[in-house]
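# Architecture and fold: a report
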Amino acid sequence: MSLCKVFLFSDTWEQINGISSLYRGMFRYLATRRQVCEEVRLTWIFPSPSPSVKVAGPVTLVGLRPILYGPVPRCPELKTGIINLSDIASIEHHFGCPDVVHVATQGPFGLAGRRFAAKHGIRSSGFCHTNWPAYSETYLSRFVWNTNVGKRVCASFGSQLAKRFFAHCEIVFCHTSASAAQLSREETGQEVILVSEFLDTARFPICASGKPPKTDRSSLVLVYVGRLALEKSLDSLLQYSRYRGITVHVVGDGPLRPKLITEYPNAIYHGYLQGPALREVIEASDYLVLPSTTETLGLVVLEAAACGVPAILLRGEVPSEIVEHYSAGVLVDGFGSPEWIETAKVVRASQRYDALLKGCRAMAQSQSVEFGAKRMLDAWRHLVCAS
């Protein structure tokens, strides 16, 4: 089998977030597979304050210093910029012309990858990691008109952005059928491949034992893991940190952290955590809670499941699909009323919680990064064979 070369363009790598964690886990797994090293060569191109090249198994990490390098609006921890086209030409000169271009993010680097593929007639794929309709509704409606009609218009605008961005991609990867439905409704016409299996079981080994029964229904330990930003709807969760017996752990950072600490001082703020420290906080919790409507998967849902911690999610939102399939969590209609807190307490103290833990194990076992990596590699090989 001939070597398959893939250039992957991303606006994030050195930051702690779901997208970086997903690909890091995938690359760590691929580095352990000797056969993959002989069949595939991946070149990950990302923004960096200084140029760098690092080889790890079948993956070469190439950091480029872009033009106008700086923070992204509303996401200051993420820095990117415009790629100098001569830099891409230099990468192509050193590593050869790629067989496939993969667009990992929809930022300046992703746009550059898309243009590069179109200009040279290279087959391409993209990954819909971002729920653009929900993001557009959250942010744009605040500046246009914050009514139901205005929100629908802003969500439609986000859908159009996604359609235009992925227009030249022959394959679009999505985490769930709900994400895929957003693209199919826009009649993008590409092949859509569902792939959610990105649990790095080397970092999050699957918990084999259950938790002891909890007879005290007055207490509950909740954890949130992610960015502290407007689109995450954290007020709807943190308001319950004022309730007696409710402990809320917040793992992550972002522009809203100072505001949240001031308004909800009873919550416990850990900042960014990784590895054993993150696992320890998750394992000590009764539930992982994600109140956001903008998630496309929530990698932390899989990581929590591996730790033996069910998730509480909004019913009908994208991540709820996989959790509902495995009965690995509790789905609620909203966080405005404290009824969901009472439901969570009752479930935690009942045999139903044991059933949720079994669902967590089943979900974690089926979502290993081994399966996700294989599905993406097979799709790229198929593109090369079809050319």
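Values in this document were obtained by computation on a predicted structure and should not be read as measured data.

Quick look at the sheet that holds strand S12 (residues 246-251) now. With parallel pairing, 6 strands are arranged side by side in an open sheet as S13-S12-S11-S14-S15-S16. The open sheet is flanked by strand S13 (268-271) and strand S16 (329-332), the only strands paired with a single partner. Geometrically, the sheet is characterised by an average inter-axis angle of 25° between neighbouring strands, direction not taken into account. Across 3 bridges, S12 lies against S13 in parallel orientation.

With respect to the helices and strands, the residue threonine 262 is situated in helix H9 (residues 257-263). Along the primary structure threonine 262 and serine 219 are separated by 43 residues, whereas in three dimensions their C-alpha atoms are 24 Å apart. Here proline 258 takes part through its backbone oxygen, which lies 3.0 Å from a polar atom of the side chain of threonine 262.

Taken as a class, soluble globular proteins show a tendency for nonpolar side chains to be buried jointly. Grouped together as the largest cluster of nonpolar side chains are 92 residues, with contacts concentrated most on Tyr23 and Trp380. In contact with tryptophan 380, other than residues within four places in its own chain, are Cys4, Val6, Leu8, Met26, Leu42, Val100, His102, Ser125 and Phe173. One finds Ile88, Phe109, Phe116 and Ile122 within the second-largest nonpolar core, a separate group that totals 14 residues.

Under the defined criterion, the tally for this structure stands at 16 salt bridges. Linking arginine 227 and glutamate 231 is a salt bridge whose minimum nitrogen-to-oxygen distance equals 2.9 Å. Pair check on accessibility: arginine 227 and glutamate 231 agree, each one buried. One salt-bridge network, in which partners are shared between bridges, spans Glu39, Lys374, Asp378 and Arg381.

In this section: the pairing of strand S7 (residues 100-103). Along any regular strand the residues' side chains alternate between the sheet's two faces. Residues Val100 and His102 point to one face of S7 and Val101 and Val103 to the other, with burial holding for every one of them. Pairing geometry for S7 and strand S8 (residues 123-127), over 4 bridges, is parallel. Bridging from a neighbouring strand, valine 103 pairs with glycine 126 of S8. The parallel pair S7 and S8 is bridged by helix H4 (residues 108-120), and the resulting crossover is right-handed.

So, about the side chain of threonine 60. Along the chain, threonine 60 turns up in strand S4 (residues 59-64). Overall, the relative accessible area of 2% leaves threonine 60 in the buried class. Setting aside residues no more than four positions away along its own chain, threonine 60 makes contact with Arg41, Leu42, Thr43, Trp44, Val53, Lys54, Val55 and Phe95.

So, how was this worked out
Every chain begins its residue count from 1, and numbering advances along the sequence as written. Local features in this predicted model are restricted to residues whose pLDDT is 70 or higher, and side-chain atom pairs enter the listing and the counts only when it is 80 or higher, whereas totals over whole chains, interfaces and linings include all residues. Based on all heavy atoms of the structure, the side-chain values leave hydrogens and waters out of the count. Here, any two strands with at least 2 DSSP bridges between them count as paired. Think of it this way: any DSSP run of H or I at least four residues long counts as a helix, any run of E at least two long counts as a strand, and we number them from the N terminus. To get an axis, fit a line to the C-alpha atoms, keeping to the stretch in contact for a helix; angles then go from 0 to 180 degrees between the N-to-C directions. Throughout this description, a polar contact denotes any pair of N or O atoms lying within 3.5 Å of each other; where both atoms belong to protein, one of them has to be capable of donating a hydrogen while the other can accept it, and for residues adjacent in sequence the pair is counted only when both atoms sit in side chains. Buried Ala, Val, Leu, Ile, Met, Phe, Trp, Tyr and Cys residues that are joined via side-chain atoms within 4.5 Å together make up what is termed a nonpolar core. Here the term buried applies to any residue with accessible area under 20% of the maximum for its type, exposed to any over 50%, and partly exposed to those in between, with areas from a 1.4 Å probe on protein chains only. Contact criterion: two residues are considered in contact whenever any of their non-hydrogen atoms come within 4.5 Å of each other. By convention in these notes, a salt bridge is any Lys or Arg side-chain nitrogen within 4 Å of a carboxyl oxygen on Asp or Glu. Think of it like this: strands point away, you trace from the first strand over the helix to the second, and a clockwise trace means the crossover is right-handed.

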